[in-house]
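Okay, here's what each chain looks like letter by letter:
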Amino acid sequence: MDTTFPLTAGLIASMLHVIAGPDHLAAVAPFAIESKRKAWKIGLFWGIGHLVGMIAIGLLFAIFKEIIPVDTISQYSEQLVGVVLVGIGCWSLYRIFKKRRHHKHLHVHTEHAPVIHSHEHKHEHNPTHHHQHSDALKQNNFASFSIGILHGLAGISHFLLFLPVLGFETQSDSLAYIIGFAIGILVAMITFAFVIGKVSSVVKNGHNDIFFNGIRFAGGLFALVIGIYWIFST
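Quick notes on the rules
- Residues numbered from 1 in each chain as written.
- Predicted model: local features only at pLDDT ≥ 70, side-chain atom pairs only at ≥ 80, totals over all residues.
- Heavy atoms only, no water.
- Helix = DSSP H or I, 4+ residues; strand = E, 2+ residues; numbered from the N terminus.
- Expected span 1.5 Å × (residues − 1).
- Buried < 20%, exposed > 50% of the residue type's maximum accessible area, 1.4 Å probe, protein only.
- Arc of directions from axis to C-beta.
- Axes fitted to C-alpha atoms, helices over the stretch in contact; angles between N-to-C directions.
- Parallel < 35°, antiparallel > 145°, perpendicular 65-115°, else oblique.
- Left-handed = near helix turned anticlockwise from the far one by under 90°.
- Contact = heavy atoms within 4.5 Å.
- Nonpolar A, V, L, I, M, F, W, Y, C, P; charged D, E, K, R; others polar.
- Core = buried A, V, L, I, M, F, W, Y, C linked by side-chain atoms within 4.5 Å.
- Patch = residues over 30% accessible without salt bridge, like charges linked within 9 Å, V, L, I, M, F, W, Y side chains within 5 Å.
- Areas by Shrake-Rupley, 256 points an atom, 1.4 Å probe, with all protein chains shown as cover.
- Salt bridge = Lys/Arg side-chain N within 4 Å of Asp/Glu carboxyl O.

The protein is annotated in an unreviewed UniProt entry as Nickel transporter of Flagellimonas aequoris.

This is the structure we're talking about:
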């Protein structure tokens with residue numbers, strides 16, 4: 001049987017779910033801006049975390065709905081999302097306005113593709129200057145994954161997106177919808193993070209610090225505003 005329709009329906013539903021959620025975009029944007037060329041990984045880890053969170057709250061609801069107050073868990077998760085967004089916004093703004101303790105100059109990274117850019121770092125009296133940003137990127141990936149889980153746990157409304165599964169006649173159609181839904185979440189957020197990171201990378205490598213800090217400020221302010229709104233609206 002042709003499963004194109006349920007697959008496409010799941011794909012479209014999940015992509016709209018991701019893009020139409022300002023809290024989703026606000027959580028990922030600051031990390032994507034800081035990660036620049038590796039920003040697509042931020043979107044990937046958030047998407048995986050979001051799926052894990054949705055599966056977890058779904059299983060809790062299906063198995064323990066008579067014992068565990070799933071509605072309460074979801075409500076507190078939504079409020080916690082707001083708190084986390086405020087934290088992300090403050091973190092992003094702090095990185096812009098913090099006191100610069102180390103000098104900066106142009107240098108070349110050759111770990112992967114050669115890139116010439118400038119940023120702050122300490123110098124060691126060593127004939128060869130070599131450093132990587134892998135630790136910060138890993139931290140951002142883990143943070144994005146964790147926030148994705150929290151987003152997945154927040155909102156019983158997620159179940160509405162799976163209602164079409166009950167309307168399909170065959171299990172293969174239902175499975176195709178779920179697969180399309182999972183792919184859509186990943187594609188939507190990876191694409192969003194990639195675009196944000198690409199713009200940030202081009203601006204930063206062009207040594208336009210004012211424009212780059214403007215992008216960072218916009219991302220941090222966006223997260224802060226959405227976070228405050230989320231706290232008081234839930």
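Picking up after the structure, the text goes on.
End to end, helix α1 (residues 4-19) covers 22 Å across 16 residues, agreeing with the expected 22 Å (1.5 Å per residue, within 8%). For α1, the set of buried residues is P6, G10, A13, S14, H17 and V18. The buried residues of α1 occupy an angular sector of 130° when projected down its axis, which confines them to one face. Of the exposed residues in α1, the ones pointing more than 90 degrees away from its buried face are F5 and L16.

Taken N-terminus to C-terminus, the directions of helix α2 (residues 22-35) and helix α8 (residues 209-233) make an angle of 150°; their axes are 9 Å apart at the nearest point. In terms of axis orientation, α2 runs roughly antiparallel to α8. Along this stretch, α2 crosses α8, giving a crossing that reads as left-handed. Judged by residue contacts, P22, D23, L25, A26, P30, I33 and E34 of α2 engage F212, I215, R216, G219, G220, F222, A223, I226 and W230 from α8. The class makeup of the residues in the contact of α2 with α8 is 11 nonpolar, two polar and three charged.

In terms of nonpolar packing, the biggest core is built from 31 residues, with V28, W46, L85, I88, I185 and M189 touching the most fellow members. At the level of secondary structure, the elements contributing two or more residues to this core comprise α1, α2, α3 (39-64), α4 (70-97), α5 (134-153), α7 (171-205) and α8. Dropping the residues within four chain positions of it, I185 is found in contact with S14, V18, W46, G47, H50, L51 and M54.

With that out of the way, let us pick up a nonpolar patch on the surface. A contiguous nonpolar patch, built from L7, M15, L175, I179, I183 and V187 and spanning about 460 Å² of accessible area, is present on the exposed surface. At four residues, α7 tops the list of elements feeding residues into the nonpolar patch. Tracing the backbone through its elements, the reader meets V187 in helix α7. A relative accessible area of 36% places V187 in the partly exposed class.

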